[in-house]
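Per-entry structural report
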Amino acid sequence: MKTALITGVTGQDGSYLAEFLIDKGYDVHGTIRRSSVDFRERITHLEGHRNFHLHYADLGDSMSVMQVVNKVRPDEIYNLAAQSHVQVSFDSPEFTADVDAIGVLRILEAVRLCGLGETCRIYQASTSELYGKVEEVPQNENTPFHPYSPYAVAKLYGFWIVKEYREAYGMFCCSGILFNHESERRGETFVTRKITLAAARIAQGKQDKLYLGNLSSMRDWGYAKDYVECMWLILQHERPEDFVIATGEQHSVREFATLAFRNVGIDIEWQGSGADEKGIDKATGSVLVEVSPDFYRPTDVVNLWGDPTKARAELHWNPQKTTFEQLVKIMTDADMAKVAVERAGESVRTNLAEYLEKGIVK
Ligand code: NAP
Ligand code: F7E
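Residues numbered from 1 in each chain as written. Chains lettered and ligands numbered in written order. Predicted model: local features only at pLDDT ≥ 70, side-chain atom pairs only at ≥ 80, totals over all residues. Heavy atoms only, no water.

1. Concerning the pairing of strand E1 (residues 3-7)
For clarity, the threshold we go by: Throughout, exposure labels follow a simple rule: accessible area from a 1.4 Å probe, protein chains only, divided by the maximum for the residue type, with under 20% read as buried, over 50% as exposed, and the rest as partly exposed. Secondary structure elements are defined from DSSP: runs of H or I of at least 4 residues count as helices, runs of E of at least 2 residues count as strands, and each element is numbered from the N terminus. Two strands form a pair only when DSSP identifies at least two bridges running between them. Throughout, right-handed denotes a crossover for which the path from the first strand over the helix to the second runs clockwise when the strands point away from the viewer.
With 5 of its 5 residues buried, E1 lies for the most part within the structure. Burial of E1 is two-sided: the residues Thr3, Leu5 and Thr7 facing one way and the residues Ala4 and Ile6 facing the other way are all buried. Note: E1 against strand E2 (residues 27-32), 4 bridges, orientation parallel. When the bridges of E2 are listed, Leu5 appears paired with His29. Note that the unit made of E1, helix H1 (residues 12-23) and E2 has a crossover that is right-handed. Where E1 and strand E4 (residues 76-79) come together, 4 bridges link them in parallel fashion. In the sheet register, Leu5 faces E4, and the bridge partner there is Ile77.

2. Some remarks on the pattern of salt bridges
This is how it is decided: We define a salt bridge as a contact between a side-chain nitrogen of Lys or Arg and a carboxyl oxygen of Asp or Glu at a distance within 4 Å.
Evaluated as defined, the whole model comprises 21 salt bridges. One salt bridge in this structure joins Glu167 and Lys163, with 2.9 Å as the shortest N-O distance. In this pair, Glu167 and Lys163 both sit in helix H5 (residues 150-169), 4 residues apart, roughly one turn of the helix. Look at Glu167 and you get exposed, because its relative accessible area is 54%. A relative accessible area of 23% places Lys163 in the partly exposed class. Here Arg186 ties to Glu182 by a salt bridge, and the two come within 2.7 Å at their closest N and O atoms. Glu182 shares its class with Arg186; the two are buried. Among the charged side chains, a network of salt bridges with common partners joins Glu238, Arg239, Glu241, Lys310 and Glu314.

3. Side note on the site of ligand 2
Operational definition: Working definition: residue near molecule or strand if any one of its non-hydrogen atoms lies within 4 Å of it. Within 3.5 Å is the distance limit for a polar contact, defined as a pair of N or O atoms, with the added protein rule that one can donate a hydrogen and the other accept it, and that residues adjacent in sequence qualify only through two side-chain atoms. Where accessible areas are quoted, they stem from the Shrake-Rupley method and a 1.4 Å probe; at the residue level, only the protein chains shown are allowed to cover.
In the neighbourhood of ligand 2, 23 residues make up the surrounding shell, with Ser84, Thr127, Tyr151, Ser217 and Arg297 lying closest. Here Thr189 contributes a backbone N or O atom positioned 3.0 Å from a nitrogen atom of ligand 2. In this structure, Lys194 approaches ligand 2 through a side-chain N or O atom, which is 2.7 Å from an oxygen atom. Contact with the protein chains hides 96% of the accessible area of ligand 2, taken as 700 Å² for the molecule alone.

4. Some words on the nonpolar core
Quick note on the threshold: Grouping buried Ala, Val, Leu, Ile, Met, Phe, Trp, Tyr and Cys residues that are joined through side-chain atoms within 4.5 Å yields what is termed a nonpolar core. Throughout, a contact is declared for two residues whenever any of their heavy atoms are within 4.5 Å.
Counting 61 residues, the largest nonpolar core has Ile6, Leu17, Leu21, Tyr78, Tyr123, Ile245 and Phe261 as its most contacted members. Examining the composition of this core, we find that 9 residues originate from one element, helix H7 (residues 224-236), more than from any other. The contacts of Leu21, once residues within four sequence positions are left out, are Ala4, Ile6, Tyr26, Val28, Tyr78 and Trp232. Of all hydrophobic cores here, the second largest spans 24 residues; its members include Ile77, Val111, Leu116 and Tyr165.

5. Quick notes on the site of ligand 1
Near ligand 1 you find 24 residues, and of these Thr10, Arg33, Asp58, Ser84 and Tyr151 are the closest. Between Ser84 and ligand 1, the recorded distance is 2.7 Å, taken from a side-chain N or O atom to an oxygen atom. Between Tyr151 and ligand 1, the recorded distance is 2.6 Å, taken from a side-chain N or O atom to an oxygen atom. Burial of ligand 1 by the protein chains amounts to 87% of its free accessible area of 890 Å². Contributing elements (two or more residues each) for the shell around ligand 1: H1, strand E5 (121-127) and H5. Per element, the largest residue contribution to the shell around ligand 1 is 3 residues, and it comes from E5.

By themselves, these figures tell us nothing about what the structure is for.
Dropping the structure here:
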């Protein structure tokens with residue numbers, strides 16, 4: 001039985017990857033952070049499984065990283081832990097750099113110093129944000145990087161330090177350059193989930209309006225459940241290499257919102273432009289979507305479009321397993337069901353919806 005260690009197991013990807021690896025027969029260990037409130041909703045169903053174990057570790061604390069690596073002595077490490085929100089990285093750039101850049105170094109050094117350098121394979125959660133202010137469309141493994149946020153700059157260090165350890169010490173460590181991937185478990189402040197949740201609440205009369213930032217931003221959105229398979233495939237490959245993981249299709253935030261609202265029975269018509277653009281309910285004339293410059297970023301990445309040719313050819317991975325339309329439907333259906341059982345007394349969630357709507361939380 002192989003042993004895997006997943007950092008960031010409480011996150012969207014970590015929870016799907018844990019399920020995937022348990023199904024493959026792995027003994028799965030995940031790291032969690034101490035928090036005064038336990039938000040482990042994505043992994044609650046796995047707790048108590050005989051092949052699922054949790055350990056406290058923080059990527060900002062080398063001793064905790066070293067301890068968990070030494071205790072678990074994994075065959076594979078999936079380093080998914082990160083401060084993963086691009087907008088938040090402008091507000092907390094130092095924390096983001098510590099976790100997303102130096103955190104990667106802490107994992108690599110822990111593996112090396114624990115004497116696992118020759119046996120343990122390491123997957124690093126890299127990102128399409130490295131292409132940032134893009135120099136080529138679509139982007140592949142040879143496209144030059146141009147990071148365009150503190151998050152992307154930190155992740156760039158992670159990418160290069162993984163490459164360095166591969167070349168300097170011959171370690172099997174690789175980066176998956178993953179384009180945006182979403183799901184019904186996506187954090188509620190990322191644009192797709194913010195939209196599907198708001199569409200569901202508006203359709204059920206529990207929210208009046210949705211405020212968004214740049215509606216014209218383009219993303220290559222895939223389904224997170226499909227993408228965790230690729231993380232595993234990258235570590236099963238005969239050579240340690242980096243791979244772009246994407247669907248090969250691009251859509252705007254506006255298109256995503258149009259489709260999400262259509263799925264909940266509302267036809268949106270867009271009027272105006274820039275900060276004055278509005279999404280209007282064709283049936284009633286009500287303004288349901290407005291632009292709030294609060295959600296504009298100091299520098300925004302607006303043209304991400306991945307070329308998954310290498311992953312398709314060498315990993316035999318199907319980038320179109322879940323289509324864009326299916327993804328939006330999975331997310332809106334899940335949020336329609338979730339919102340239907342929300343009661344006024346659920347204060348945390350209710351407040352979050354209100355804060356999201358007013359733009360207090362982005
Ligand atoms: P996510 O839902 O935000 O999960 C991030 C995970 O990292 C959470 O488990 C979080 O723990 C943990 N974490 C944060 N800071 C930590 C620290 N200092 N020490 C230990 N753990 C920490 O992110 P995701 O969408 O699953 O993404 C997984 C990884 O892929 C991230 O590295 C992200 O940057 C990268 N990525 C994501 C995408 C995407 O579209 N989803 C695309 C490319 C790359 P808490 O629950 O305690 O906060
Ligand atoms: O923004 C625009 C925003 O926050 C997407 C992370 O998983 O994927 C994710 O980063 C786009 C941007 O994701 C709102 O300006 C408009 O252009 O959903 P997002 P992201 O920044 O692409 C990459 C690959 C990662 O690696 C990251 O970890 O949508 N946008 N209006 C908005 N974005 C947000 N969040 N909220 C809005 O209201």
